[in-house]
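Observations on the three-dimensional arrangement
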Amino acid sequence: MMPVIRLEGVGKRFGETVLFEKLDFSVPAGSVTCLLGPSGCGKTTMLNLMAGLTPPDTGKADIRGRFSFVFQDARLLPWETVRENALYAMDSHIHKQERLERADTMLNLLELKNAVHLLPGQISGGMARRTALARALLAPHEALLLDEPLSSLDPDMRTRIIELLPEMLKGKAVVLVTHDYVTAAALSDRVFRLTLPPVVIRSVDNNDLEGTLDQIERIDRERSTPD
Amino acid sequence: MISTSRKRLWVAGSSLLAVLIWKLASRIVAREIILPSPESTVFYLAGLLGEGETWIAVGSTLRRVLFSFLMNIMFALVSGVASGFSSRIYYALKPVITVMKAVPTMGVILLSLIWFNSETAVVFVCTLIVFPVLYSSVVTGIRHLDEGLLEMHRVFRIRWPRTLIRFVFPSLRPYLIAGVMSGLGLSMKVIIAAEVLSQPKTGIGTMFQIERARLNTTGVFAWSLLVIILTAGLDVLFAVLRKRYGEKR
């Protein structure tokens, strides 16, 4: 299948630190890839490269069609209500009634029903993140990039949303940055685990690992057993 | 912070002191033609208010102020947004704005009197003087747009009409309010100054010139007092409008 999100031979360095060199990476439609790893390993940079927010030094990065992004901070318009913010990235050619219905269904699922008419200044950080998630999910885009979307939620809420997400992500090409193994295990078809720089070439046969979470955990166990 | 009643007390106190000093000075000078007393000024003003000609003059000046001010706001929004987003346009406009800021008001008035009729000249002068103030506040507003929200618009590829109406203009509001506050008072001053020199058929500036020609200093004082009251009135009106409609989009 044609990949929706693609990085080809991407190189990126910050000063002396080589974050990526000749990195190849792609995500087809209908697949969720998780980027795991400690802070500073370049997860967010990788996401920004895909989104075109950071230009690569070498190689190329692109996404077919339009895409949605959930940033680490909510980035809502402070003078618009939760519902207006959730609807913000939706196309206006869809009938207004239908847009409202879809938004309210989504906001109900994300447990924001009682907040639809509130402004971002009147809701908690967790609610703001869920509003941003609603905005990204409601946009009819093929690709979705999520930067730790569940990090500021309390554990119960996180569990409930993790249960809902697979249905909502269906059919899209998704890249999810997280350092939470539970989220990764529940949502992803594939995991790309990054290690801290300095790494010369980031690929499966180097220090970084690509595979299902089970495979990666098995490799970890084998590595830690002395032979 | 001091309480509202205390604030009023201080404002009233200082105003009273100013009037007392004025009164005292006019006593010492003791010649109405040099420095009219407060009471004769107020009396003269009361007399003016009873005349239809006064209101026609006030009306024409206010009309010019509002017309040129609204035009200025529109120009400033269009060019300010354009040069806030494009540094090419910003640098292309830079010399124009610098000239507009530096050019002497009187020089402009005299030149525009040579070029236009008195009605057009007044509005032209006001645009030239007030536009840079409003333009600068719009550009500053664009420069201070929230980076994260800008990035969000870029990533989601939100179309520009929606970006302008729902993100850029609401973000500009505090800067526009500041611009309107200082721009309105400035417009009033510049328009009257231009009227004094260009002598349109009716207008506060025209009346100033008439009183001066008659060596009626009391008249000049009374008209000045009227302008102060009008400007304060505009400020209050604007504050009320802002309170009533400002919080909504």
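Residues numbered from 1 in each chain as written. Chains lettered and ligands numbered in written order. Predicted model: local features only at pLDDT ≥ 70, side-chain atom pairs only at ≥ 80, totals over all residues. Heavy atoms only, no water.

Some words on the pattern of salt bridges
Note the following rule: Whenever a carboxyl oxygen of Asp or Glu lies within 4 Å of a side-chain nitrogen of Lys or Arg, that contact is scored as a salt bridge.
A full pass over the atoms with the stated rule returns 17 salt bridges over all chains. Salt bridges sharing partners connect three or more residues here, namely Arg63(B), Arg64(B), Glu119(B) and Glu195(B).

Structural notes on the packing of aromatic side chains
Both the distance between ring centres and the angle between the ring planes are used here to describe each pair of aromatic rings. Let me state the cut-off plainly: When the centres of two rings from Phe, Tyr and Trp lie within 6.5 Å, Trp using its six-membered ring, the rings pair. Their planes under 30 degrees apart give stacked, over 60 give edge-to-face, and anything left gives tilted. By definition, any uninterrupted DSSP run of H or I lasting at least four residues is a helix, any uninterrupted run of E lasting at least two residues is a strand, and each is numbered from the N terminus. Here the term buried applies to any residue with accessible area under 20% of the maximum for its type, exposed to any over 50%, and partly exposed to those in between, with areas from a 1.4 Å probe on protein chains only.
As enumerated under the stated definition, the model contains seven aromatic pairs over all chains in all. Aromatic pair Phe25(A) and Phe192(A): ring centres 5.4 Å apart, planes at 75 degrees, arrangement edge-to-face. Here Phe192(A) lies in strand 8 (residues 190-193) and Phe25(A) lies in strand 2 (residues 17-28), a separation of 167 residues in the sequence. Owing to a relative accessible area of 1%, Phe192(A) belongs among the buried residues under this scheme. Put simply, the rings of Trp115(B), Phe116(B) and Phe124(B) pair up and form one aromatic cluster.

Details of the pairing of strand 8 of chain A
All names here are of chain A. Here is the rule we go by: Each pair of strands is called paired provided DSSP finds at least two bridges between the two strands.
Burial of strand 8 is two-sided: the residues Arg190 and Phe192 facing one way and the residues Val191 and Arg193 facing the other way are all buried. Of the strand pairs in this sheet, strand 3 (residues 31-36) and strand 8 are connected by four bridges, and their pairing is parallel. Across the sheet, residue Leu36 finds its bridge partner in strand 8, namely Arg193.

Quick notes on a nonpolar patch on the surface
All names here are of chain B. The test is simple: Only residues whose relative accessible area exceeds 30% and that take part in no salt bridge are eligible for patches, with like-charged residues grouped when within 9 Å of each other and nonpolar side chains (Val, Leu, Ile, Met, Phe, Trp, Tyr) grouped when within 5 Å. Accessibility throughout is a Shrake-Rupley quantity obtained with a 1.4 Å probe, and a residue counts as covered only by protein chains that appear here.
The grouping of Val29, Ile33, Ile34 and Leu215 at the surface amounts to a nonpolar patch, some 360 Å² of accessible area in total. Looking at where Ile33 falls in the secondary structure, it is placed in the loop between helix 1 (4-29) and helix 2 (38-49). Residue Ile33 is classed as partly exposed on the basis of its relative accessible area, which comes to 42%.

Details of the sheet that holds strand 4 (residues 58-63) of chain A
Residues and elements named next belong to chain A. Defined as follows: Angles here are taken between N-to-C directions and fall from 0 to 180 degrees, while the axes themselves are lines fitted to C-alpha atoms, restricted in helices to the stretch in contact. Note on contacts: a residue pair is in contact if any heavy atoms of the two residues lie within 4.5 Å.
As summarised here, the arrangement of the three strands in space is 2-1-4, forming an open sheet in which the pairing is antiparallel. Edge positions in the sheet fall to strand 2 and strand 4, since each has one partner strand and no second. Across the sheet, the axes of successive neighbouring strands diverge by a mean angle of 20 degrees, strand direction being ignored. Across five bridges, the pairing between strand 1 (residues 3-14) and strand 4 is antiparallel. By the bridge assignment, Gly11 is partnered in strand 4 with Thr58. Sheet strands in contact with helix 1 (residues 43-51) are strand 1, strand 2 and strand 4, and its direction is about 120 degrees off that of strand 1.

Considerations on the environment of Pro36(B)
Residues and elements named next belong to chain B. Tracing the backbone shows Pro36 in the loop between helix 1 and helix 2. C-alpha separation for the pair Pro36 and Val180, spaced 144 residues apart in sequence, amounts to 34 Å. Ignoring any residue separated from it by four or fewer positions in sequence, one finds Pro36 in contact with Trp22, Ser26, Thr41, Thr217, Thr218 and Phe221.

Examining helix 6 (residues 118-143) of chain B
The cut-off we apply is this: Expected span of a helix, by definition, is 1.5 Å for each gap between consecutive residues, and there is one gap fewer than residues. One axis fitted to the seven residues ending at a residue, another fitted to the seven starting there: the angle between these axes is the bend at that residue.
For helix 6 of chain B, with 26 residues, the first-to-last C-alpha span of 38 Å sits near the 38 Å given by 1.5 Å per residue. The largest bend in helix 6 of chain B amounts to roughly 35 degrees and is located at Val130(B), with the proline Pro132(B) lying one to four residues further along.

Notes on the packing of helix 1 of chain B against helix 2 of chain B
Residues and elements named next belong to chain B. Where we set the bar: With respect to orientation, any angle under 35 degrees is reported as roughly parallel, any angle over 145 as roughly antiparallel, any angle of 65 to 115 as roughly perpendicular, and every other angle as oblique. Residues are sorted three ways: Asp, Glu, Lys and Arg are charged, Ala, Val, Leu, Ile, Met, Phe, Trp, Tyr, Cys and Pro are nonpolar, and all the rest, Gly among them, are polar.
In contact at an axis separation of 9 Å, helix 1 and helix 2 are set at 105 degrees when each is read in the N-to-C sense. In terms of orientation, helix 1 and helix 2 fall into the roughly perpendicular class. On helix 2, the residues touching Val19, Trp22, Lys23 and Ser26 of helix 1 are Pro38, Glu39 and Thr41. Across the contact of helix 1 with helix 2, the residue classes tally to three nonpolar, two polar and two charged.

A word on the environment of Ser26(B)
Residue and element names in this part refer to chain B. Using the following cut-off: Under the rule applied, a polar contact is a pair of N or O atoms within 3.5 Å (in protein, one hydrogen donor and one hydrogen acceptor; residues adjacent in sequence only if both atoms are side-chain atoms).
By secondary structure assignment, the location of Ser26 is in helix 1. The spacing of Ser26 and Val103 is 77 residues in sequence and 37 Å in space, taken between C-alpha atoms. In contact with Ser26, not counting residues within four places along its chain, are Arg31, Leu35, Pro36, Ser37 and Pro38. Of note is the side chain of Ser26, whose polar atom sits 2.8 Å from the backbone oxygen of Lys23.

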